Amino acid sequence: MKRPGNWLVLSDGAKPTEDIYFLESAAYSLRQQCVYIERVIASRFFAAARWKGSDLLHRYAGANLLLCRSLPPSWLRWLARHRHVFGYVVYLIDDDIAAAADDTTLPAAYRQRMADIAKRQPALLALCDEVVACSDVLAARFSSVHQHVSVLTPPLIAPLPGLEHFDEPPSVSSPWQVGFHGTRAHLQDLLHITPALWALLNVRQDIQCEVMLGKHTPSALASLPNTSTPDPLPWQAFRNYQANRRVHIGLAPLLQTPFNEGKSFIKFLDIAAMGGVGVYSNRYPYTKVVRHGENGLLVGDTPGEWRAALQQLLNNPEATANMAQQAAADALRVGALHHAVDFWQARQR
């Protein structure tokens, strides 16, 4: 059955990226227009050869393909053989894979995984009509290896909460919540500001800090009684957690590295989704969306600057609440779902 205009997401497991940029942002509106969309898990343990001449080719002949990050080698070979069966093919990417492989500050296992993906990237790019990147910087890096590169900044797929948690100023009985909810890929970024957090948490009992890195939390923070260190959560569990967890201040440090330079401003949306005000490194991509003192704070790289920024937010609760309100409004604007819907509608074939 020919399925022109419909979409098959051929997934190697990068579900957060697939959900954020397509399945949980644009897909609903596309389905309302009778566009058929399905995600098929391209498991490396389920050889693509088993699909040869099978239901997958029959059902999705003519469909557009969305590929994200990578495909297992057997699936990549299968797609190369059957590329003519499908319609428009898009490669969606939200990290600089090659830069991650070269970044010695990242965990070794993660770097090796990224190196393996980087080796397969040229073959993936050769099969695609378009590369869709999450930021201008990342798009620029792909422009030298592909003739059609576009930018889709992250949509806001989480509902925004009320801000009643700002009704009370920080106190021992009602401490304000400070949160770091980055992955291990940002552990070095967190370590850089750990002296500021440690100094603040030692003298203020009106704040609690949550670092969602589990056993990988810096020991200086994990040892403090007003710090909690929950384990990282799988994607869907984190989404449920995010919908119910409230923070007053979110932390988004980002050191100057080639890997970090390719990042999107998604942390701005994540912090707003938990009802917080963000403290961000004063560099791209945050300078694209954060206006210092209006919807968050942009700070330099020294621990002293981070401590001063946190103190400013804690000592001026009314101004901080106003910033949280503005951050929510701006998250709705820059993350408006219609941007993603319009983007993918324009690629219907």
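None of the values given here were measured: they were computed from a predicted structure.

Trainee: Hey, could you run me through the overall build of the protein in this one?
Mentor: Helix and strand content of the protein: 15 helices and twelve strands. Seen along its three principal axes, the alpha-carbon backbone of the protein occupies a region of about 65 × 40 × 35 Å. Per-residue burial for the protein yields a buried fraction of 56% across its 349 residues. By sequence separation, contacts in the protein at least 24 residues apart represent 71% of the contacts at least 6 residues apart. Just so you have it, the protein exposes about 14,900 Å², and 54% of that area is on carbon and sulfur atoms. In the protein, which carries 33 positive and 30 negative side-chain charges, the distance between the mean positions of the two groups comes to 10 Å.

Trainee: So what exactly am I meant to see when it comes to the pattern of salt bridges here?
Mentor: For side chains bearing opposite charge, pairing can occur when the charged atoms are close. For the structure on display, the rule yields 19 salt bridges. Close ionic contact of R39 with D19 constitutes a salt bridge, the shortest N to O distance being 3.2 Å. With a gap of 20 residues between them, R39 in strand β2 (residues 37-41) and D19 in helix α1 (residues 15-23) connect regions that are remote in the sequence. On the basis of relative accessibility, which here comes to 27%, the residue R39 falls in the partly exposed class. Overall, the relative accessible area of 4% leaves D19 in the buried class. When the shortest N-O distance is used, the salt bridge between D330 and R333 registers 3.5 Å. Pair noted here: D330 and R333 are both in helix α14 (residues 317-334), with a separation of three residues, about one helical turn. Bridged by salt links that share partners, the residues R69, D94, D95 and K263 form one connected network.

Trainee: Please explain the sheet that holds strand β1 (residues 7-11) as it appears in this structure.
Mentor: Hydrogen bonding along the main chain pairs the strands of a sheet, whether they run parallel or antiparallel. Strand order in the open sheet made by the six strands is β2-β1-β3-β4-β5-β6, with parallel pairing throughout. Looking at which strands have only one partner, the edges of the open sheet turn out to be β2 and β6 (149-151). Going across the sheet, the axis of each strand differs from the next one's by a mean of 25°, ignoring polarity. For strand β5 (residues 130-133) and β6, the ladder comprises three bridges, and the chain directions are parallel. Its bridge partner lying in β6, V132 is registered against S150. Strands β1, β2, β3 (64-68) and β4 (89-93) of the sheet are contacted by α1, whose axis makes an angle of about 170° with β2. Sheet strands in contact with helix α6 (residues 108-127) are β3, β4 and β5, and its direction is about 140° off that of β4.

Trainee: Where do I start with the sheet that holds strand β12 (residues 297-299) in this structure?
Mentor: Here we have six strands laid out as an open sheet, ordered β9-β8-β7-β10-β11-β12, and parallel in their pairing. Among the strands making up the open sheet, the edge pair consists of β9 (227-228) and β12. Two elements, strand β10 (residues 249-252) and strand β11 (residues 277-281), share four bridges in a ladder whose sense is parallel. By the bridge assignment, A252 is partnered in β11 with Y280. The sheet strands contacting helix α12 (residues 266-273) are β10 and β11, and the helix crosses β11 at an angle near 160°.

Trainee: Explain the packing of aromatic side chains here, please?
Mentor: One pair of aromatic rings is described through two measures. These are the centre distance and the angle between the planes. Under the counting rule described, the total for this entry stands at twelve aromatic pairs. Between F166 and W176, the aromatic rings sit 5.3 Å apart at their centres with planes inclined by 85°, giving edge-to-face as the arrangement. On the criterion of sequence distance, the pair formed by F166 in the loop between β6 and β7 (176-180) and W176 in strand β7 is long-range, its members being ten residues apart. What makes W176 buried here is its relative accessible area of 1%. Its end group placed over the ring of F343, R347 keeps NZ or CZ at 3.6 Å from the ring centre.

Trainee: Would you mind showing me how to read unusual backbone geometry here?
Mentor: Trans peptide bonds make up most of the peptide bonds, and negative phi angles are found at most residues other than glycine. Here the amide bond leading from Y284 into P285 is cis, since omega sits at 10°, within 30 degrees of zero. Its place among the elements puts P285 in the loop between β11 and β12. One non-glycine residue, C34, lies in the positive phi region at around 70°. Overall, C34 belongs to the exposed group, its relative accessible area being 70%. Phi angles above zero are rare outside glycine, and R69 is one such case at about 70°. Tracing the sequence through the fold places R69 in the loop between β3 and α4 (73-82). On the basis of relative accessibility, which here comes to 16%, the residue R69 falls in the buried class.

Trainee: Would you explain the environment of L79 in this entry?
Mentor: Locating L79 in the fold gives a position in helix α4. Residue L79 is classed as buried on the basis of its relative accessible area, which comes to 0%. In sequence terms L79 and L124 are 45 residues apart; their C-alpha atoms lie 9.3 Å from each other. Excluding its chain neighbours within four sequence positions, the residues that come into contact with L79 are L65, L67, L71, F86 and L127.

Here is what the cut-offs are and how they apply
Residues numbered from 1 in each chain as written. Predicted model: local features only at pLDDT ≥ 70, side-chain atom pairs only at ≥ 80, totals over all residues. Heavy atoms only, no water. Helix = DSSP H or I, 4+ residues; strand = E, 2+ residues; numbered from the N terminus. Buried < 20%, exposed > 50% of the residue type's maximum accessible area, 1.4 Å probe, protein only. Contact = heavy atoms within 4.5 Å. Areas by Shrake-Rupley, 256 points an atom, 1.4 Å probe, with all protein chains shown as cover. Lys, Arg positive; Asp, Glu negative; His and termini not counted. Charge placed at Lys NZ, Arg CZ, Asp CG, Glu CD. Salt bridge = Lys/Arg side-chain N within 4 Å of Asp/Glu carboxyl O. Pairing = 2+ DSSP bridges. Axes fitted to C-alpha atoms, helices over the stretch in contact; angles between N-to-C directions. Phe/Tyr/Trp six-rings, centres within 6.5 Å; stacked < 30°, edge-to-face > 60°. Lys NZ or Arg CZ within 6 Å of the ring centre and 35° of its normal.

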